[in-house]
Amino acid sequence: MRCTGLLLFPLLISHAVKALDNGLALTPIMGWLHWARFMCNVDCDADPDNCISERLFMQMADVMVKEGWRDAGYEYVCLDDCWPSRRRDASGGLQADPARFPGGIKRLADYVHSKGLKLGIYSDVGAETCAGYPGSLDHYEKDAQTFADWGVDLLKFDGCNMKWTRLAEGYRNMSRALNATGSRMVYSCEWPLYEWDFHKPNYTAVRETCNQWRNYADVYDSWSSVKSIAEWTALHQDAVAPWAGPGGWNDPDMISCKQWLNKMEHLTLVIGNYGLSHDQQESQMALWALMAAPLLMSNDLRSLCPRAKALLQNRRVIAINQDPLGRQGYRTATLGSFEVWERPLSNRVLAVAVRNKQEIGGPQKLPIVKVPGWRTCGSLCNVTQILPQYKELGVQRQRTDLAVAVNPSGVVLLTFHPILD
Ligand code: GLA
């Protein structure tokens, strides 16, 4: 058995003391972000239903209300790259592409707010965004004020087209500019991602500046992408996890495109993405919950299959993600083909994800006494299985022979709740 810092786990000191002081993101934010699913599709003539336009965001907002997403906690409807016009307006302000957003961003924000939701927008610390649209360099105050005037609630600030040595200054200046508007906007940064290639980022500064921050590559609609994000996070967990806490979170990127249509639906509807199996989707949800990750879906909510919807709206998984203690989980053991991740929750509950990394064969069994955190349980622990199905596994003694069976590339998500004698 190879253990990674497991005995230290309950004692790990959280660095999460000083966060960006805007009172936001006290738990990881939840919402929807267009990038991984709709990317830079700006061709509204050829593809009016899927292009980056006000219609797309209004439709998503409608579905979020109608189909229970808002009630499940998904609150932010977020624009990513490719929303602006190629040119700033006469006064130097950013403006939305007039053909795709005829009502402008202010009207879109009003619409989203009328649904009880919040609007997120995207810009870049450099001169251009990653897709080549105008960036905010030399316009931080002006752009922050524009976003505030429009009623925007979140800014995703990318880090393309900026010399890495100037990232810190740029991200800090934009943070100050946002605060100076007096409007409260979640500030989502990609700063560490663009610095890791050169040196270890200064997370004290990142946490003081941002409400969430990307550390690693963009998520793709593939299992290899999701696995690589989990692996990177585990390998760097001592550097990044202690910085997560109310007000500031590590962001492993979007919950990739969960467009799971079954074969019949695929044949009839011919839409969507198919990158992950259902077991893999459950693994991603469990990992994102244990990593205290922002839950930003990137999918087409207009055509989601019921099984996908049930997983994304699973209130027990969401409760783990949103636990008010705000401690990020860790990979605590690698046991043959198994990997165990654990996250301490409030009320002394421990959330545990047991992954089976073997991608061949059938379900594999792991006795729960092998989970490192089991020993923190005391003599009796109430065990609940959250995924794949909800199941009360009852009160277990220290030397229980309870085992969980985990599907290839799947997960079993549990909670251990100590019972005091
Ligand atoms: C970068 C970011 C992505 C997305 C694109 C948009 O790659 O990491 O999340 O915002 O830019 O161009």
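One can find the structure itself at the top, above this paragraph.
Attention here is on the structure that accompanies the text.

1. Quick word on the overall build of the protein chain
The helix and strand inventory of the protein chain stands at 14 helices and 17 strands. Taking 22 Å as the expected radius of gyration for a compact globule of 421 residues, we find that the protein chain reaches 22 Å, a close match to that expectation. Its C-alpha atoms give the protein chain principal-axis dimensions of about 75 × 50 × 35 Å. Here the contacts in the protein chain between residues at least 6 apart in sequence split such that 73% fall between residues at least 24 apart. For the protein chain, the computed accessible surface area is about 17,000 Å², with 52% contributed by carbon and sulfur atoms. Positive and negative side-chain charges in the protein chain, numbering 44 and 45 respectively, have mean positions lying 6 Å apart.

2. Focus on the pattern of salt bridges
It is possible for side chains bearing opposite charge to pair when their charged atoms get close. Summed over all chains, the structure comprises 22 salt bridges. In this structure, R214 and D218 form a salt bridge, with 2.7 Å as the shortest nitrogen-oxygen distance. By relative accessible area, which is 2% here, R214 ends up buried. Among the salt bridges present, the one from E339 reaches R331, with a minimum N-O distance of 2.9 Å. For the pair E339 and R331, one class covers both residues: buried.

3. Side note on helix α9 (residues 223–235)
Along its 13 residues, α9 runs 18 Å from first to last C-alpha, staying within 8% of the 18 Å computed at 1.5 Å per residue. Where α9 is buried, its residues meet α10 (237–240), α12 (278–290), β10 (330–335), β11 (338–344) and β12 (350–356).

4. Some remarks on the sheet that holds strand β6 (residues 186–189)
Taken together, the eight strands give an open sheet; going across it, the order is β8-β7-β6-β5-β4-β3-β2-β9, and neighbouring strands pair in parallel fashion. Two strands close off the open sheet at either side, each with one partner strand: β8 (249–251) and β9 (295–297). Neighbour-to-neighbour, the strand axes of the sheet open up by a mean angle of 25 degrees, direction not taken into account. As judged from the three bridges shared by strand β2 (residues 30–33) and strand β3 (residues 76–78), these two strands associate in the parallel manner. Directly across from G31, in β3, lies its bridge partner Y76. Across the sheet, helix α6 (residues 167–180) lies against β5 (154–158) and β6, angled at about 165 degrees from β5, the strand it touches most.

5. A word on unusual backbone geometry
Cis rather than trans, the peptide bond between L387 and P388 has omega equal to 5 degrees. Position of P388 among the secondary structure elements: in the loop between β14 (380–387) and β15 (391–397). One non-glycine residue, N347, adopts positive backbone phi at about 60 degrees. Topologically, N347 is positioned in the loop between β11 and β12.

6. With respect to the layout of surface pockets
The volume enclosed by the second largest pocket comes to roughly 220 Å³. For the second largest pocket, the lining is made up of 14 residues, of which I320, L345, V349, I386 and T415 are closest to its centre. Its residues assigned to classes, the lining of the second largest pocket comprises six nonpolar, six polar and two charged.

7. Focus on the environment of N356
On the secondary structure map, N356 appears in strand β12. Linking N356 and E339, residues 17 residues apart in sequence, is a C-alpha distance of 6.6 Å. Leaving out residues up to four positions away in the same chain, N356 has contacts with S337, F338, G362, Q364, V406, N407, P408, S409 and G410. Among the polar contacts listed, one links the side chain of N356 to the side chain of S337, at a separation of 3.3 Å. A polar atom in the side chain of N356 sits 3.0 Å from the backbone oxygen of V406.

Parameters and conventions
Residues numbered from 1 in each chain as written. Predicted model: local features only at pLDDT ≥ 70, side-chain atom pairs only at ≥ 80, totals over all residues. Heavy atoms only, no water. Helix = DSSP H or I, 4+ residues; strand = E, 2+ residues; numbered from the N terminus. Rg over C-alpha atoms; globule rule 2.2 N^0.38 Å. Contact = heavy atoms within 4.5 Å. Areas by Shrake-Rupley, 256 points an atom, 1.4 Å probe, with all protein chains shown as cover. Lys, Arg positive; Asp, Glu negative; His and termini not counted. Charge placed at Lys NZ, Arg CZ, Asp CG, Glu CD. Salt bridge = Lys/Arg side-chain N within 4 Å of Asp/Glu carboxyl O. Buried < 20%, exposed > 50% of the residue type's maximum accessible area, 1.4 Å probe, protein only. Expected span 1.5 Å × (residues − 1). Pairing = 2+ DSSP bridges. Axes fitted to C-alpha atoms, helices over the stretch in contact; angles between N-to-C directions. 1 Å grid on protein atoms, 1.4 Å probe; cavity = no way out; pocket = protein on both sides within 12 Å on 5 of 7 lines; lining within 4 Å. Points joined across faces, edges and corners; volume = space filled by probe spheres on them. Nonpolar A, V, L, I, M, F, W, Y, C, P; charged D, E, K, R; others polar. Polar contact = N/O pair within 3.5 Å; in protein donor to acceptor, adjacent residues only side chain to side chain.

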